[in-house]
Amino acid sequence: MTIADQVTGSTIAGTAGAKPVDAKPVDARPRTAAPAITLPVIGERELRLDLFRGLALWLIFIDHLPPNLLTWFTIRNYGFSDATEIFIFISGYTAAFVYGRAMLESGVVIATARILRRVWQIYVAHVFLFTIFLAEISYVATSFENPLYTEEMGIMDFLKQPDVTIVQALLLRFRPVNMDVLPLYIVLMLALPLILWSMKWKPDVTLGFSVLLYAVTWEYDLYLSAYPNGFWAFNPLAWQLLFVFGAWCALGGARRMSRILVSPVTMWISIAYLVAAFYVTLTWYVPQLGHLMPKLLEQWMYPIDKTDLDVLRFTHFLALAALTVRFLPRDWPGLKSPLLRPLILCGQHSLEIFCLGVFLAFAGHFILAEVSGGPGMHALISLSGILIMWAVAWVISWYKRVADKSGSQTKNAVGSADMAGGG
């Protein structure tokens, strides 16, 4: 019986502890029954998760810069979803795997305490980033006598009413530009104990409730308000669907879907959807192609809402994920390649690297505005930021591997925290 079976209270035919349906030799097992995603054993990392989380961090950094040549290498220009969907799905997957095991081994109370400790770490990181980010923007705006920076980065209200704004920031209701992902992650992690407890009871029913909440959010326009006006850029009531879906996949859902994922029908449907999404996004940059789009389709499709995780964005991510698990097996030798090591390192320390990426994005924005905005400088800023993120991830990894001389139990606990979100 696997850890996922124990958490969800179910077993899959062919695993230890399951009742055999037919006595067949090992060699007779159909290849299509192989799970698309399997849970790593204790002490073993799922490098695909680290790889794509690191990729998501790099893409988020590039997308936060002014449009440049490297922007055309990010996925948001070729479909409906972007790096945010990758980040939230993997966060739900890894958090459920790590803390689902904790709930099984130590009980609900201990697992909840560990989750709340992780939430506190993320919250402290958010407050620290908020403080440094404000200082960075304020210093640049004052030194160069350019108040447009404060308006562009959304901190004008802080300068007018710092006392009120600080309180609202601590309540996660006030956030400068590019600081919306961590508050979303905090709220989703706060809900994780309930999600895991419910999945231990009935995982499919839990996912069904998540879909229902998503539908109700759209039907009745539910949202969380922000300060001084407006709403959260990422509505947790809608984005919880992707987080819960990631948790559901980690706790056995992906294995139960393995026959669907390896089906040629699924592959061709995914490819067709991605091609159609690419054509739609192409019309945004080549208006001459717009006349080929049926008007009824445009009226139904637009706007493609990111705040409430539009269905088109969610299904676009599902299509990408289906092709990824099909063509990128867990034992792919390239995961050990030195060329992918920078991405994997950044993915293993995602909390620190995400905060660093927000800071670097504004620094790059400032340099492009004040020094030079040419394509050469754009490329230099983008590549320099990626190299800095890699270097910092390497230092953090070195420190935890070499400089931290704690006992093996502490090291295992740190590894779990890394897997659940970095750091």
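A few words on the overall build of the protein chain. Looking only at helices and strands, one finds 19 helices and zero strands in the protein chain. Looking at the protein chain as a whole, 49% of its 423 residues qualify as buried. Long-range pairs, those at least 24 residues apart, make up 76% of the contacts in the protein chain with a sequence separation of at least 6. Split by element, the accessible area of the protein chain, about 20900 Å² in all, is 68% carbon and sulfur.

Next up on the list: the packing of aromatic side chains. This model, assessed by the stated rule, comprises 20 aromatic pairs. Aromatic side chains F89 and Y93 sit 6.3 Å apart centroid to centroid with 45° between the ring planes, which places their arrangement in the tilted category. Note that F89 and Y93 are positioned in helix α3 (residues 83–106) at a spacing of four residues, about one turn of the helix. Relative accessible area serves as the criterion here: at 10%, F89 is assigned to the buried category. Following the ring pairs from residue to residue traces out a cluster consisting of F89, Y93, F245, W248, F314 and F317.

Under the defined criterion, the tally for this structure stands at 10 salt bridges. D50 is the partner of R53 in a salt bridge, and the nearest nitrogen-oxygen pair spans 3.6 Å. Here R53 pairs with D50, and both are found in helix α2 (residues 47–64), just three residues apart, close to one helical turn. Using a relative accessible area of 0% as the deciding quantity, one classes R53 as buried. What makes D50 buried here is its relative accessible area of 1%.

Take a nonpolar patch on the surface next. A surface patch of nonpolar side chains, amounting to about 830 Å² of accessible area, comprises L69, W72, F73, Y78, F278, W284, Y285 and V286. By the secondary structure assignment, L69 is in the loop between α2 and α3. Overall, L69 belongs to the exposed group, its relative accessible area being 59%.

Further remarks concern the nonpolar core. With 102 residues, the main nonpolar core has M189, F243 and M389 as its most contacted residues. Among the elements that make up this core, the one with the highest residue count is α3 (14 residues). Those residues within four positions of M389 in sequence are excluded, and the remaining contacts are L57, W58, F61, C346, I353, L356 and L360. Formed by seven residues, the second largest nonpolar core is a distinct cluster that contains A277, V280, M293 and I304.

On to the packing of helix α4 (residues 108–143) against helix α8 (residues 181–190). Running from amino to carboxyl end, α4 crosses α8 at an angle of 165°, the nearest separation of the two axes being 9 Å. In terms of orientation, α4 and α8 fall into the roughly antiparallel class. With respect to the hand of their crossing, α4 and α8 are arranged in left-handed fashion. Counted together, I115, L116, R118, V119, I122, Y123, H126 and L129 of α4 and L182, P183, Y185, I186, M189 and L190 of α8 form the full contact between these two elements. Here the contact of α4 with α8 is built from residues that sort into 12 nonpolar, one polar and one charged.

Another aspect to go through is α3. In this model α3 runs 34 Å from its N-terminal to its C-terminal C-alpha over 24 residues, within 8% of the 34 Å that 1.5 Å per residue would give. Burial analysis of α3 places 21 of its 24 residues in the buried class, the great majority of the element. Its side-chain oxygen 2.9 Å from the backbone nitrogen of T84, D82 forms the N-cap of α3.

What follows deals with the environment of G100. Assignment of secondary structure puts G100 in helix α3. Note on G100: relative accessible area 1%, which makes it buried. Between the C-alpha atoms of G100 and W197, which are 97 residues apart in sequence, the distance is 8.8 Å.

Omega for the bond connecting Y227 with P228 falls within 30 degrees of zero, at 5°, which places this linkage in the cis form. The amide bond that connects Y302 to the next residue, P303, takes the cis arrangement and shows omega of -5°. Structurally, the position occupied by P303 is in the loop between α14 (295–301) and α15 (311–327). Residue E145 is not a glycine yet carries a positive backbone phi of 50°.

Turning our eyes to something else, we now look at empty space enclosed by the protein. Following the criterion strictly, the structure yields two cavities of 30 Å³ or more and no others. Taken as a whole, the largest cavity spans an internal volume of roughly 50 Å³. Along its surface, the largest cavity is lined by L57, I60, F61, H64, I353, F354, G357, V358 and M389. Every element with two or more residues in the lining of the largest cavity is listed here: α2 and α17 (350–370).

Residues of the protein chain with pLDDT of at least 70 account for 85%, and the chain-wide mean is 85. Across the protein chain, element-level confidence peaks in helix α10 (residues 203–220) with a mean pLDDT of 97 and bottoms out in helix α1 (residues 3–8) with 44. Residue range residues 407–415 is modelled with pLDDT below 50. Its contacts to residues more than four positions away, or to other chains, number four contacts.

What follows deals with the side chain of Q168. Assignment of secondary structure puts Q168 in helix α7 (residues 162–170). Looking at Q168, the relative accessible area reads 14%, which means it is buried. Excluding residues within four positions of it along the chain, Q168 makes contact with R173, F174 and Y227.

What follows deals with the packing of α2 against α17. Between α2 and α17, whose axes approach to 9 Å, the crossing angle comes to 15°. As the angle between them shows, α2 and α17 are arranged roughly parallel. For the pair α2 and α17, the sense of crossing is right-handed. Contacts between α2 and α17 pair R53, L57, I60, F61 and H64 from the former with S350, I353, F354, G357, L360 and A361 from the latter. Taken together, the residues that form the contact of α2 with α17 break down as seven nonpolar, three polar and one charged.

Rules used in this analysis
Residues numbered from 1 in each chain as written. Predicted model: local features only at pLDDT ≥ 70, side-chain atom pairs only at ≥ 80, totals over all residues. Heavy atoms only, no water. Helix = DSSP H or I, 4+ residues; strand = E, 2+ residues; numbered from the N terminus. Buried < 20%, exposed > 50% of the residue type's maximum accessible area, 1.4 Å probe, protein only. Contact = heavy atoms within 4.5 Å. Areas by Shrake-Rupley, 256 points an atom, 1.4 Å probe, with all protein chains shown as cover. Phe/Tyr/Trp six-rings, centres within 6.5 Å; stacked < 30°, edge-to-face > 60°. Salt bridge = Lys/Arg side-chain N within 4 Å of Asp/Glu carboxyl O. Patch = residues over 30% accessible without salt bridge, like charges linked within 9 Å, V, L, I, M, F, W, Y side chains within 5 Å. Core = buried A, V, L, I, M, F, W, Y, C linked by side-chain atoms within 4.5 Å. Axes fitted to C-alpha atoms, helices over the stretch in contact; angles between N-to-C directions. Parallel < 35°, antiparallel > 145°, perpendicular 65-115°, else oblique. Left-handed = near helix turned anticlockwise from the far one by under 90°. Nonpolar A, V, L, I, M, F, W, Y, C, P; charged D, E, K, R; others polar. Expected span 1.5 Å × (residues − 1). Polar contact = N/O pair within 3.5 Å; in protein donor to acceptor, adjacent residues only side chain to side chain. 1 Å grid on protein atoms, 1.4 Å probe; cavity = no way out; pocket = protein on both sides within 12 Å on 5 of 7 lines; lining within 4 Å. Points joined across faces, edges and corners; volume = space filled by probe spheres on them. pLDDT = per-residue confidence, 0-100.

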